[in-house]
Amino acid sequence: MSDFVRIERDGDIGLICLTKPPVNALGVALRSATYDAVQTLLADDSVTAIVLYGEGRFFSAGADIKDFGRASETPTLPDLLKALNDSPKPTVAAMHGVAFGGALELALSCHLRVGIHGLQVGLPEVKLGLLPGAGGSQRLPRLTGMASAIEVICSGRNIADDEALRLGIIARLADGPAREAGISAARDIAAGALSATPTDGLNVAHDEQALAAARQKYSGKLNAPLKAIDAIEAAALPIDEGLPIERALFMELMESDERAGLVHSFFAERATAKIPEAKAEKRAIERIGVVGGGTMGVGIATAALLAGLPVTLIETAEMRIDAARANVEKNLAGAVKRGKLTKATHSVAVANLTASADIGALAKADLVIEAIFEDMEAKAGLFSDLDRICRPGAILATNTSYLDVDAIAATTARPADVIGMHFFSPAHIMRLLEVVVASKTAPEVTATAFDFARKLRKIPVRAGVCDGFIGNRILTRYRKQCEYLVLDGAGFDQVDRALETFGFAMGPFAVGDLAGLDIAKATRDRKAATRPPEERYSRVADLICDQGWHGRKTNIGYYLYEGGKKTGPNPGAEDIVAAERKALGITPKDFTDEDVVARVLTAMIQEAAMILEEGIALRPVDIDAVQLFGYGFPRHRGGPMHMADQIGLSEVIARIETYAAEDAYFWSVPPLLRQMQSAGQSFAALNDKGIST
Ligand code: 3HC
């Protein structure tokens, strides 16, 4: 008997239980053990039917994603699935929890599927840049028809138990445990009460209309859904012809950058939780205080209420309390519409909110998050008040986006209890939470902040103290480079288009118009006194703002707007650029869209390497996660550090050296990049080394 499966008997029924924690991923060890178990039960004449089920929380999470990019070992998943489909004895999959990807494909190759209430199934391969590579694109259409299979496979969405039943993916929805439900289905097959059919023997009609509509819907985006449609089209052929077509397309996608980027993003989402403080004892967080009833405070309060926690929201300006409460309630009503709250949990969340002008109401809070305006003096005053009011052991967090968390901590007599929790707007929706660990923050406070973040379903990333932490530091560098590109010859629309084609939802100038050009100018004005004299400074944004052109809210900024819709470039803004170039004696250059992306990305990589070198981020993957989950970096690109590996460090260094000939202040090769290049090291290898602190 193997460590990964258990063969069991219930009379004449043979059972195979998958027992590979944490998620029964179908790596070679589990595949091989399952294959051998199938052969054992086939060879045993006293066995009349075979039931597969899983131990633990899930039936199985599918193929082992860690294996992607490595040579596949036998038995492959298709080998195992063929054995189940071709079995002369009825084969039954009894699924509980989840059955995703290869796990659902395993079940589809059985002659009958039973689901336990609460089951979710799906073929999420496109989310990893793949298509179902073990028969899913051939067998699912045989059960559901082509149109439904296209929708399920191309969206990669999860399908709930009742829908799985309706679509014909499962034949029966039962109460658990899965083992008993599987046995009972096998007995019903023997009694003729359920019919078991090898899926491969079924036919599916070619659906030209559904195929054409899907091709149109997915064209010009990612590659995987389009290849998946090609594979599903082949399901109308005999299965022996369709399966090799699917496999060839799957293998082609396996080699793609899109797949590598998406898989990196999958693991990035999970890797950030691995911090040196993870094992420290956590403090109980049951009552939350939020100070500041503006957009951030309201968003943070909403996020905590959505997690079922009671929140006291302090807005010291009494006349704004009602507005703050109303805004939280609006967010909660939105959460009901998005299916995040039921009527009952909505009522609990509303009742859990206390809004007050009295900061003394925070005396019993376990965690207070400050979200007032970005002013050191105001924050210092508030933290010394909190220090006086809050109970010993309460954690005091600041939502500052760039101020010095050490300096804020120093205004209290309990710097070990002070930490940064940098949320992103809208805070109840954006998944990133930068956890800024100051020099005196206690390990259990960091561990508690991570725990709290997970309760809020956020992706916490550990950052050190510096101006802008990880995300805003890179953003500043990114924006500057975009402004230089415009000054040197690119158009606002070219920069936006190039970055949107790369995969950002919006380019930097479109984002500027959305956020309000006056707001960015106020930040620049505040920082003007500390701007190094050697730094190149583009006055274009200031001059545009001085015209009263503040972006969308004034219907004019970098672009023109009408009724909230962009109507075209703003010729006035382009005139400002032309005049500024003339005044500075700049002869505009032609940049290709590739040049634009190369420069912007290289600028981000340069800053990211410095962040890593300074120990502000623990690992390259933490930087990627910040970019992916807080700044709209395209998921299929994996993040700037992943891209640096793909571009190659020598090429990144060569680019920086070339650009430095024009601006040696902005561009310089971080020593870490040189060290890594001479050691032949990659950022991926730094991730694999684990936590370096
Ligand atoms: N392969 C390898 N590792 C996996 C995995 C998989 N398929 N699914 C999850 N894991 C790992 C996670 O990385 C994590 O590891 P860590 O603890 O070291 O960080 C651990 O299992 C637990 O996962 P989660 O933290 O995500 O746990 P949750 O309980 O929140 O979620 C889940 C569990 C719903 C199964 C979720 O992990 C998930 O959706 N997994 C991916 C499923 C998927 O995409 N399957 C398709 C794979 S592609 C395929 O099958 C190709 C086929 O067509 C040939």
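Residues numbered from 1 in each chain as written. Predicted model: local features only at pLDDT ≥ 70, side-chain atom pairs only at ≥ 80, totals over all residues. Heavy atoms only, no water.

Asks: Is there a simple way to explain the overall build of the protein in this structure?
Replies: Check the secondary structure of the protein and you find 29 helices and 19 strands. In terms of overall dimensions, the protein has C-alpha extents of about 85 × 60 × 55 Å along its principal axes. For the protein, with 693 residues in total, the buried portion stands at 55%. Looking at the protein alone, contacts between residues at least 24 apart form 72% of all its contacts between residues at least 6 apart. Measuring between centres, the 75 positive side-chain charges of the protein sit 3 Å from its 88 negative side-chain charges. (Helix = DSSP H or I, 4+ residues; strand = E, 2+ residues; numbered from the N terminus. Buried < 20%, exposed > 50% of the residue type's maximum accessible area, 1.4 Å probe, protein only. Contact = heavy atoms within 4.5 Å. Lys, Arg positive; Asp, Glu negative; His and termini not counted. Charge placed at Lys NZ, Arg CZ, Asp CG, Glu CD.)

Asks: Would you take a moment to explain the packing of aromatic side chains for this structure?
Replies: Here the distance between the centres and the angle between the planes together describe a pair of aromatic rings. Counted under the stated rule, the structure contains 12 aromatic pairs. Relative to W667, the ring of Y659 lies with its centre 4.7 Å away and its plane at 50 degrees, an arrangement referred to as tilted. Taking relative accessible area as the criterion, Y659 reaches 9% and is therefore assigned buried. Classification of W667 as buried rests on a relative accessible area of 3%. An aromatic cluster is present here, built from Y478, F502, F504 and F633 joined pairwise through their rings. Positioned above the aromatic ring of F266 is the side chain of R270, whose terminal nitrogen or guanidinium carbon lies 3.8 Å from the ring centre. Positioned above the aromatic ring of Y484, the side-chain terminus of R536 is 5.0 Å from the ring centre. (Phe/Tyr/Trp six-rings, centres within 6.5 Å; stacked < 30°, edge-to-face > 60°. Lys NZ or Arg CZ within 6 Å of the ring centre and 35° of its normal.)

Asks: I tried to follow the pattern of salt bridges on my own but got confused; where do I start?
Replies: A side chain of one charge can pair with a side chain of the opposite charge if their charged atoms are brought near each other. Within this structure, the stated rule accounts for 46 salt bridges. D200 is the partner of R139 in a salt bridge, and the nearest nitrogen-oxygen pair spans 2.6 Å. Placement of R139 in helix α4 (residues 136-144) and of D200 in the loop between α7 (178-190) and α8 (208-218) is noted, with a sequence separation of 61 residues between them. Classification of R139 as buried rests on a relative accessible area of 3%. D230 is the salt-bridge partner of R215, the closest N and O atoms lying 2.9 Å from each other. (Salt bridge = Lys/Arg side-chain N within 4 Å of Asp/Glu carboxyl O.)

Asks: What is the right way to read the environment of S265 from this model?
Replies: Summarising the element assignment, S265 is placed in helix α11 (residues 257-271). Taking the C-alpha atoms as reference points, S265 and A333, separated by 68 residues in sequence, lie 31 Å from one another. Not counting residues up to four positions away in its chain, the partners in contact with S265 are L628, F629, R635 and G638. Looking at S265, its side chain comes within polar contact range of the main-chain oxygen of R635, at 2.8 Å. (Polar contact = N/O pair within 3.5 Å; in protein donor to acceptor, adjacent residues only side chain to side chain.)

Asks: I keep staring at the pairing of strand β4 (residues 91-95) and nothing clicks. Help me out?
Replies: For a regular strand, side chains alternate in direction, first toward one face of the sheet and then toward the other. A large share of β4 lies buried, amounting to 5 of its 5 residues. Across 3 bridges, strand β3 (residues 49-54) lies against β4 in parallel orientation. Among the inter-strand pairings, L52 is bridged to a residue of β4, identified as A93. Following the backbone out of β3, through helix α2 (residues 77-86) and into the adjacent parallel β4, one traces a crossover that is right-handed. By the bridge criterion, 4 bridges tie β4 to strand β6 (residues 112-116) in an arrangement that is parallel. Counted as the bridge partner of A94 is V114 from β6. (Pairing = 2+ DSSP bridges. Right-handed = clockwise from strand over helix to strand, strands pointing away.)

Asks: Got a minute to help me understand helix α19 (residues 492-502) in this structure?
Replies: The α-helix advances 3.6 residues per turn, and as a result positions three or four apart in sequence lie on the same side. Looking at α19, one finds that the buried residues are F492, Q494, V495, D496, A498, L499 and F502. Note on α19: the residue one or two positions beyond its end, G503, has a positive phi of about 135 degrees.

Asks: Please clarify how helix α23 (residues 571-584) should be interpreted in this entry.
Replies: Taking 1.5 Å per residue, 14 residues should reach 20 Å; α23 reaches 20 Å between its end C-alpha atoms and fits that length. When we look at burial in α23, the residues that qualify are G572, A573, I576, V577, E580 and R581. Along its buried surface, α23 packs onto α18 (471-488), α19 and α22 (540-546). The opening residue of α23, the one whose side-chain oxygen lies 2.9 Å from the backbone nitrogen of G572, is N570. G585 sits one or two residues past α23 and shows a positive phi near 70 degrees. (Expected span 1.5 Å × (residues − 1).)

Asks: Where do I start with the site of the ligand in this structure?
Replies: Taken together, 26 residues lie around the ligand, and A61, G102, E105, E125 and R270 are the ones closest in. Take G133: an N or O atom from its main chain is 3.1 Å from an oxygen atom of the ligand. Taken by itself the ligand offers 980 Å² of open surface, and the protein chains cover 77% of this. Only α3 (102-108) and α11 provide two or more residues apiece to the shell around the ligand. (Near = heavy atom within 4 Å. Areas by Shrake-Rupley, 256 points an atom, 1.4 Å probe, with all protein chains shown as cover.)

Asks: Would you take a moment to explain the pairing of strand β1 (residues 5-10) for this structure?
Replies: Sheet analysis places β1 next to strand β2 (residues 13-18), joined by 6 bridges and oriented antiparallel. Note on β2: the bridge partner recorded for E8 is L15.

Asks: Which parts of the structure should I look at to understand the sheet that holds strand β5 (residues 98-100)?
Replies: Sheet architecture is open: 3 strands sit in the order β5-β7-β8, paired in mixed fashion. Every interior strand has two partners, whereas the edge strands, β5 and β8 (159-160), have only one. For strand β7 (residues 120-122) and β8, the ladder comprises 2 bridges, and the chain directions are antiparallel. If you follow V121 over to β8, its bridge partner there is I159.

Asks: Help me out: how do you make sense of the sheet that holds strand β11 (residues 311-314) in this one?
Replies: The strand order β12-β11-β10-β13-β14-β15-β16-β17 describes an open sheet built from 8 strands, whose pairing is mixed. Each end of this open sheet is capped by a strand with a single partner; those strands are β12 (353-356) and β17 (459-463). Averaged over all pairs of adjacent strands, the angle between their axes in this sheet comes to 25 degrees, without regard to strand direction. Strand direction decides the pairing type here: strand β10 (residues 288-291) and strand β13 (residues 367-370), joined by 4 bridges, are parallel. (Axes fitted to C-alpha atoms, helices over the stretch in contact; angles between N-to-C directions.)

Asks: What's the story with the nonpolar core in this structure? I'm lost.
Replies: One broad trend across soluble globular proteins is that nonpolar side chains are buried collectively. Core analysis: the biggest nonpolar cluster contains 83 residues, and I470, F492, V495, I544, I623, L673 and F683 have the highest contact counts within it. If you tally residues by element for this core, the top one is helix α24 (residues 593-613), at 12 residues. Not counting residues within four places of it along the chain, the set of residues in contact with F683 comprises L612, P620, M641, A644, D645, L649, L672, L673 and M676. Core analysis: the second largest hydrophobic core is formed by 65 residues, M95, A99, L123 and L131 among them. (Core = buried A, V, L, I, M, F, W, Y, C linked by side-chain atoms within 4.5 Å.)

Asks: Would you take a moment to explain the packing of α24 against helix α27 (residues 649-660) for this structure?
Replies: Contact geometry for α24 and α27: axes closest at 10 Å, N-to-C directions at 105 degrees. Put simply, α24 runs roughly perpendicular to α27. Touching A598, R599, T602, I605 and Q606 of α24 are V652, R655, I656 and Y659, all from α27. Of the residues that constitute the contact of α24 with α27, the class distribution is 5 nonpolar, 2 polar and 2 charged. (Parallel < 35°, antiparallel > 145°, perpendicular 65-115°, else oblique. Nonpolar A, V, L, I, M, F, W, Y, C, P; charged D, E, K, R; others polar.)

Asks: Before we go on, may I ask you to explain the packing of α4 against helix α10 (residues 239-254) in this structure?
Replies: Helix packing for two helices is described by the angle between their axes and how far apart those axes are. Two elements in contact, α4 and α10, have axes separated by 8 Å at closest approach and are oriented at 135 degrees. It follows from the interaxial angle that α4 and α10 lie oblique. When α4 is examined against α10, the residues G136, S137, Q138, R139 and R142 are found in contact with a partner set consisting of I239, G242, L243 and E246. Residue composition of the contact of α4 with α10, grouped by class: 2 nonpolar, 4 polar and 3 charged.

Asks: Even after reading the chapter, I still don't get unusual backbone geometry, so can you show me in this structure?
Replies: A negative phi angle characterises most non-glycine residues, just as the trans form characterises most peptide bonds. For the peptide bond that leads from T74 to P75, omega is -5 degrees, which places it in the cis range. In this structure, P75 sits in the loop between β3 and α2. Look at the link from S425 to P426: it is a cis peptide, with omega at -5 degrees. Locating P426 in the fold gives a position in the loop between β15 (418-423) and β16 (432-436). The backbone of N24 shows a phi angle near 50 degrees, a positive value even though the residue is not glycine. Its place among the elements puts N24 in the loop between β2 and α1 (28-43). We note that N555 has phi near 65 degrees; this positive angle belongs to a residue other than glycine. By the secondary structure assignment, N555 is in the loop between α22 and β18 (559-562).

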